[in-house]
Amino acid sequence: MKKLFTLLVAMIAASCLWGQSLIVTYTAGDIPTDYQSPWVGPSTCPGEIVVTVPAGNWITGIDVAYNMTAQNGAYMSEQRSRLYSPTTLSGEPMYYPGVGGSIGTYSYNRTGLTFANMATGNVVIQMDAGRTWGTSGPGGAGCDTHYNRVDNNTWTMTIYYAPIPACPAPFALSASNITINSADLGWATAGTETMWNIKYGAPGFNPLTEGTLIANVTTNPYTLSGLNPLTNYEFYVQANCGGGDLSDWGGPGAFQTPSSTISGVYTINSALPTAGNNFNNFSDLATALNTGGLDGPLTVNVVAGSGPYNEQVILGEIAGSSAVNTITINGNGETLQFLSTNTNERATLKMSGTDYTTIDNLIIRALGELTSPAEFGFAIQLMNGADYNTFTNCQFIASTSSTSLNFSAFVTSNSATSATTAGLAVSNLTVQNCTTIGGYYGMVINGPSAAPFSANNIITDNEIKDFYLYGLYLRGQNNSLFENNEVSRSTRTVLSTFYGIYITSDMSGTIITKNRVFDQAVAGSTTSASYGFYGTGVTATPGPDLLITNNLVYGFGGMNGTQYGMYLLTTSNAKIYHNTISLDNISHTGSSLIRGIHHSGNAALIDIRNNIISVTSNSTGIKFCLYFAQTAANLPVLTSNNNVLHMGATAGTNHIAFWNGTGGPNFTTLADWQGTGFDLNSVNADPMFTMPAMGNMMPQNPDVNNIGTDLLAVVPVDFFGVARTTTPDPGAIEFSPPT
């Protein structure tokens, strides 16, 4: 449906005419909003005004004011509106949102609008209004005034006009067929002239006194040559109507020439223009790489003190990049940041198919945190086979307060809108000595659900901090290394479930070792579940099994829900060696169950040896060091031995183990459990960690010293790199008992 209100604007009572302007007001009733989420437009039910411009004149500008009201649970921030003219086939460049997370009336005022300039006669102007919420009103997911509306008698426009000049200036300037040294310049005309003058130059030049003049041009479009690569230009066009009658300069039009191939050493410095060996910003560098490519190795030094750089940067496949023709960006501690409101472009830095790039010492920040109006924030996203890339000494920062999936710090995913959609996003990725802060997900290293899998990724020595739910999220990683990373939520106050290291899909040949998962709820508390490790649907080829070794899992204080040191669902061909797991919330306030290592679902092989599993969390629920939910037929090869199975909780119902494969019941003591043939060389003893509150998880109890079995072939050193022996200590850390 369409509301049409025609104002024949002349010297009549409905309009006011003084000087060179008309004032018109829409009085045909409230204008409905159309529904779309996200809003793209246009509305199928715009309001319309038909403006009659006095004969011999044309429009030179428009000011507009109007009110929109949100009601019935709608928010002002869900309003979207703009003006559009079917007469000129142009409108305002964006839909303007309201402000405010509540019902109410929001006032809009905009001046100097040019979309109807040069229009003559009867000019149609539409109020194109929409909403992003509200489908239960009379109009359903369509047009109505139930949730948001443009209020009647408030849409007022001041239409400025002037006599049509005898020699009107060209308009609608454009540039096409742009190369590194030429561009076709075009324009529209309101007169009958056949000759023009062109001036071009650097952005911001004054055509009355500056610029390069090309006189008496007789072709439209005109090919401008002699330009420089990767340079921004503006241009103006003047009509020559004959007899010495020249129009005003029309414009400016603007364009940028692409880059030629580059190599060598460049800088990024916002204090200097893009010219020579300097880029004014990261976007100009991206344009050079995306359009020109490489003809040799490239090093780009971001000048210290020149930031922050507020821009969204998108790199694609770089022509000429290779193991020889690499890109190195030295960030020198500067910041690249951006606030995205586009769900399909969430990343501050996106690398789509970009290869052989190293970024060092750069802070990359996603500024968004709101969900209404919608904001989005992936600090960095790698996708579509972005391979052989390296990040060192960088920070990746997203919101530390939002609970929305819209925000993540480090993402590898082929989806524009999801951080974890399965797909071959990266291989041969290195992330070393970096920090991720915030996000729903801290760091996502994503791969496919089916072969070929992501491979040869190295994620080492990183801090993954203050995420909402997921710390290190891994899918489909073959022959990859995840080592010496620290995963924690030490300062985050908005808390929920904790997934320290999340694993899924094929992990053949991958090693997860020497990671520290700790401090899950230091700044607050929650009754949500906690998983130090969480594996689901994990598979590995026998031989290059998944190795989970030398990891420290502790710091469950504040997590007052269900607790698992390792939760493994349908996880097969995993070798779990020399890990230290301490479920240590001695002040647990609930009745939740507590399990050191939990396994359920079908699996071919699970091997658990030389671990320390200590349970001191004092929930009043049922607790186990080991819990195997499946039958013997569904877990034909289960090995569990040479472990420390310490049940030190004093509250609740406590057991050493459960295995459905034995037909139950619970195995309360280690001797009960050993009667099944498992853990014959294990002990139930307090490991006596040296100073767990300070993160020193080295045991001191001589009763657990040297009880491990020889696993030197796969675990030759401990958490700190100390050499193991043929009679190693269990857990992640070798020790000598105090004397």
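Placed above this text is the structure.
What you see is a predicted model; the values in this text were computed from it and never measured. (Residues numbered from 1 in each chain as written. Predicted model: local features only at pLDDT ≥ 70, side-chain atom pairs only at ≥ 80, totals over all residues. Heavy atoms only, no water.)

Student: Just to check I follow, could you spell out the overall build of the chain for this structure?
Tutor: A count of helices and strands for the chain gives 2 helices and 60 strands. In terms of overall dimensions, the chain has C-alpha extents of about 110 × 60 × 45 Å along its principal axes. Expressed as a percentage of the 739 residues in the chain, the buried residues total 56%. Considering only intrachain contacts with a sequence separation of at least 6, the fraction spanning at least 24 residues in the chain is 77%. Approximately 27200 Å² of the chain is accessible, and the part contributed by carbon and sulfur atoms is 52%. (Helix = DSSP H or I, 4+ residues; strand = E, 2+ residues; numbered from the N terminus. Buried < 20%, exposed > 50% of the residue type's maximum accessible area, 1.4 Å probe, protein only. Contact = heavy atoms within 4.5 Å. Areas by Shrake-Rupley, 256 points an atom, 1.4 Å probe, with all protein chains shown as cover.)

Student: Help me understand the nonpolar core, please; the structure alone is not making it clear to me.
Tutor: Taken as a class, soluble globular proteins show a tendency for nonpolar side chains to be buried jointly. Membership of the largest hydrophobic core comes to 95 residues, with the highest contact counts inside it found for Phe391, Phe396, Phe410 and Trp673. Among the elements that take part in this core, helix α1 (residues 282-291) stands out by supplying 5 residues, more than any other. Residue contacts for Phe396: discarding those within four places in its chain leaves Ile364, Ala379, Ile380, Phe391, Ala409, Phe410, Cys434, Thr435, Thr436 and Ile437. Listed in part, the 27 residues of the second largest apolar core include Ile59, Tyr108, Val150 and Met157. (Core = buried A, V, L, I, M, F, W, Y, C linked by side-chain atoms within 4.5 Å.)

Student: How do you make sense of the environment of Ser454 when you look at a structure like this?
Tutor: In this fold, Ser454 is placed in strand β38 (residues 454-455). Distance in space between the C-alpha atoms of Ser454 and Ser427 is 5.2 Å, their sequence separation being 27 residues. When neighbours within four sequence positions are excluded, Ser454 is seen to be in contact with Leu424, Val426, Ser427, Asn446, Gly447, Pro448, Gly476, Gln477 and Asn478. Looking at Ser454, its side chain comes within polar contact range of the main-chain oxygen of Val426, at 2.5 Å. For Ser454, the side chain forms a polar contact with the side chain of Asn457, separated by 2.8 Å. (Polar contact = N/O pair within 3.5 Å; in protein donor to acceptor, adjacent residues only side chain to side chain.)

Student: What is the right way to look at α1 in this model?
Tutor: Each full turn of the α-helix corresponds to 3.6 residues, which orients residues three or four apart in the same direction. Along α1, the residues that are buried comprise Phe282, Asp284, Leu285, Ala286, Ala288 and Leu289. By the N-cap criterion, in which a side-chain oxygen at the helix start approaches the backbone nitrogen of a residue two or three places on, α1 is capped by Asn281, the distance to Ser283 being 3.1 Å.

Student: I tried to follow the state of the cysteines on my own but got confused; where do I start?
Tutor: By definition, a disulfide links two cysteine residues through a covalent bond between their sulfur atoms. For the structure shown, the criterion picks out 2 disulfides. Here Cys167 is linked by a disulfide to Cys241, with a sulfur-sulfur distance of 2.0 Å. Judged by the torsion about the S-S bond (85°), the Cys167/Cys241 disulfide is right-handed. Here Cys167 is found in the loop between β13 (156-163) and β14 (171-176), whereas its partner Cys241 is found in the loop between β19 (232-240) and β20 (246-256), with 74 residues between them in sequence. By relative accessible area, which is 31% here, Cys241 ends up partly exposed. Cys434 supplies the cysteine sulfur nearest to Cys394, a cysteine that is in no disulfide, at a spacing of 4.6 Å. For Cys394, a relative accessible area of 1% gives the class buried. For Cys434, a relative accessible area of 2% translates into the label buried. (Disulfide = S-S within 2.5 Å.)

Student: In this structure, what is going on with the pattern of salt bridges? I would like to understand it.
Tutor: Pairs can form between side chains of opposite charge whenever their charged atoms are close. Under the definition given, this model contains 11 salt bridges. The salt bridge partner of Glu92 is Arg110, with a shortest N-O separation of 2.5 Å. Of this pair, Glu92 sits in the loop between β8 (90-91) and β9 (96-97) while Arg110 sits in strand β10 (residues 104-113), placing them 18 residues apart in sequence. Each member of the pair, Glu92 as well as Arg110, carries the same accessibility label: buried. In the salt-bridge network here, residues are joined through shared partners; they are Asp30, Arg149 and Asp151. (Salt bridge = Lys/Arg side-chain N within 4 Å of Asp/Glu carboxyl O.)

Student: Please clarify how the pairing of strand β37 (residues 441-445) should be interpreted in this entry.
Tutor: For a regular strand, side-chain orientation follows a simple rule: the groups alternate between the two sheet faces. Across the 5 residues of β37, 5 count as buried, placing the element largely inside the fold. Sheet topology note: the strand β34 (residues 407-412)/β37 ladder contains 2 bridges and is parallel. Paired with Ser408 across the bridge in β37 is Tyr441. As paired elements, β37 and strand β41 (residues 470-475) share 4 bridges and run parallel to each other. By the bridge assignment for β41, Met443 is matched with Leu472. (Pairing = 2+ DSSP bridges.)

Student: Looking at this structure, how should I read the sheet that holds strand β57 (residues 622-628)?
Tutor: The pairing of strands in a sheet comes from backbone hydrogen bonds and takes either a parallel or an antiparallel form. Read across the open sheet, the 12 strands follow the order β25-β28-β31-β34-β37-β41-β45-β48-β51-β54-β57-β60; overall the sheet is parallel. Only two strands of the sheet have a single neighbouring strand rather than two, namely β25 (313-315) and β60 (653-659). Pairs of neighbouring strands in the sheet enclose a mean axial angle of 10°, with direction left out of account. Of the pairings in the sheet, the one linking strand β54 (residues 594-600) to β57 comprises 5 bridges and is parallel in character. Paired with Ile594 across the strands is Lys623, a residue of β57. (Axes fitted to C-alpha atoms, helices over the stretch in contact; angles between N-to-C directions.)

Student: Looking at this structure, how should I read unusual backbone geometry?
Tutor: It is generally the case that most residues other than glycine have a negative phi and that most peptide bonds are trans. The omega torsion of the bond from Gly41 to Pro42 falls at -5°, within 30 degrees of zero and hence cis. Among the structural elements, Pro42 can be located in the loop between β4 (31-35) and β5 (47-52). Residue Gly307 is joined to Pro308 through a cis peptide bond whose omega torsion reads 0°. Within the fold, Pro308 resides in the loop between β23 (294-302) and β24 (309-310). One non-glycine residue with positive phi stands out, namely Asn153, at about 65°. Although it is not a glycine, Asn332 sits at a positive phi angle of roughly 50°.

Taken by themselves, the reported measurements are silent on function.
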